[in-house]
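Structural characterization, general
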Amino acid sequence: MSLLNGHEVICCDRNRRGGLKRIFLMDKAELSVAPSYSAANNVYNTFPTTKLYEFQFDRYTGGFDANATRENGSTVVNVQLNFYIPKVTAKANKVLDMLAKTCGLIAIVETYADDCGTPAGADPVANPAVPAKTYHFVLGYDEIFKDDSYLDFVSGEETTGVALQDANGAQVALAGDAAMYPIGLNVGPDSGDLEIVASTGSTGPEDAYTISVVA
């Protein structure tokens, strides 16, 4: 593959935020059909599932790394997702047991970084402001390995601590090998964008979510 274009760094890129805002996980088997990929924008325009689950975590502890290595003509991108679940409880341990026994996961993550939007022009009616959109990425699925780039549970380090002000919780790591850097997910408010909404019958944040196309 040859280079097709360069990369411009704009002011918005210099004003970025680190870390993850939300993490959603699903079994790879729950991807009902292959998603629709836009090569021009490097995003998925569909990602059909009704069994996506949100995993909330301690603030400023969620993040992912994607590290590529090339050897003997082949490139592998190791992707690792990390987050911290506060407080050791029986309920949290049940979730950790489920994660430890999974057979391949796909993650949808939302970053704090956004595209900065567009301010209103001189005529805010003809040229209204466009709100900033945060970035979403798919981990555990790409256009080469497909769902063979799934994430596995690799560690869950739990501790109660020993002193009153020690950390109490579990550090979770999921990792897998992909053939591409993480691909974006076209989440947004406009018609044709994707939205992550509670599935039919869901009653709380621990219930399933659906990824659907905005009408």
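Further up the page is the structure itself.
Residues numbered from 1 in each chain as written. Predicted model: local features only at pLDDT ≥ 70, side-chain atom pairs only at ≥ 80, totals over all residues. Heavy atoms only, no water.

Considering the sheet that holds strand β2 (residues 37-38)
Where we set the bar: Paired strands, in this sense, are two strands between which DSSP finds at least two bridges. Put simply, DSSP H or I for four residues or longer makes a helix, DSSP E for two residues or longer makes a strand, and each gets a number counted from the N terminus.
If you trace the 9 strands from one edge of the open sheet to the other, you get β2-β3-β11-β8-β7-β1-β4-β13-β12, paired in mixed fashion. Of all strands in the sheet, those bounded by a partner on one side alone are β2 and β12 (194-198).

Some thoughts on the state of the cysteines
What counts, and what does not: Criterion for a disulfide: a pair of cysteine sulfur atoms within 2.5 Å. Relative accessibility under 20% of the residue-type maximum defines a buried residue, over 50% an exposed one, and the middle range a partly exposed one, all with a 1.4 Å probe and only protein chains included.
Taken as a whole and judged by the stated rule, the model has 1 disulfide. Each disulfide pairs two cysteine sulfurs, and for Cys12 the partner residue is Cys116, the sulfurs being separated by 1.9 Å. Judged by the sign of its S-S torsion, about 95°, the bond between Cys12 and Cys116 is right-handed. You can see Cys12 sitting in helix α1 (residues 11-14) and its partner Cys116 sitting in the loop between β7 (105-114) and β8 (134-139), a full 104 residues away along the chain. Overall, Cys116 belongs to the partly exposed group, its relative accessible area being 38%.

Description of the nonpolar core
Which entries qualify depends on this criterion: Nonpolar core, defined: a set of buried Ala, Val, Leu, Ile, Met, Phe, Trp, Tyr and Cys residues in which side-chain atoms within 4.5 Å join the residues together. Throughout, a contact is declared for two residues whenever any of their heavy atoms are within 4.5 Å.
Counting residues in each nonpolar core, the largest one holds 22 residues, and the members touching the most others are Ile23, Leu25, Leu81, Phe83 and Leu174. Breaking this core down by element, the ones donating at least two residues are β1 (20-27), β6 (74-86), α2 (90-100), β7 and β10 (169-178). Top element by residues in this core is β6. It accounts for 5 residues. Sequence-distant contacts of Phe83, that is, excluding residues within four places in its chain, are made with Ile23, Phe55, Phe57, Thr61, Gly62, Leu99, Ala170, Gln171, Val172 and Leu174. Counting 18 residues, the second-largest nonpolar core is a separate cluster that includes Met26, Phe47, Tyr141 and Leu194.

Looking at the side chain of Asp193
Along the chain, Asp193 turns up in the loop between β11 (183-185) and β12. For Asp193, a relative accessible area of 8% corresponds to the buried category. Look past the residues within four positions of Asp193 in its chain and what remains in contact with it is Lys133, Asn186, Val187, Gly188, Ser212, Val213 and Val214.

Some details on the packing of aromatic side chains
We count it as follows: Aromatic rings from Phe, Tyr and Trp, taking only the six-membered ring of Trp, are treated as a pair when their centres fall within 6.5 Å; an angle between ring planes under 30 degrees marks them as stacked, one over 60 as edge-to-face, and anything in between as tilted.
In the structure shown here, the tally under the stated rule is 8 aromatic pairs. Ring geometry for Phe24 against Tyr209: centres 5.4 Å apart, planes inclined by 75°, an arrangement best described as edge-to-face. Linking Phe24 in strand β1 with Tyr209 in strand β13 (residues 209-213), this pair joins segments that are 185 residues apart in sequence. Taken individually, Phe24 and Tyr209 each receive the classification buried, so the pair is uniform in this respect. Ring centres of Phe64 and Phe137 lie 5.8 Å apart, and the angle between their planes is 65°; this geometry places the pair in the edge-to-face category. You can see Phe64 sitting in strand β5 (residues 63-71) and its partner Phe137 sitting in strand β8, a full 73 residues away along the chain.

Quick notes on the environment of Pro205
Its place among the elements puts Pro205 in the loop between β12 and β13. Sequence spacing of Pro205 and Asn72 is 133 residues, and the spatial spacing of their C-alpha atoms is 46 Å. In this view, Pro205 contacts Glu54 and Gln56; residues no more than four positions away in its chain are not counted.

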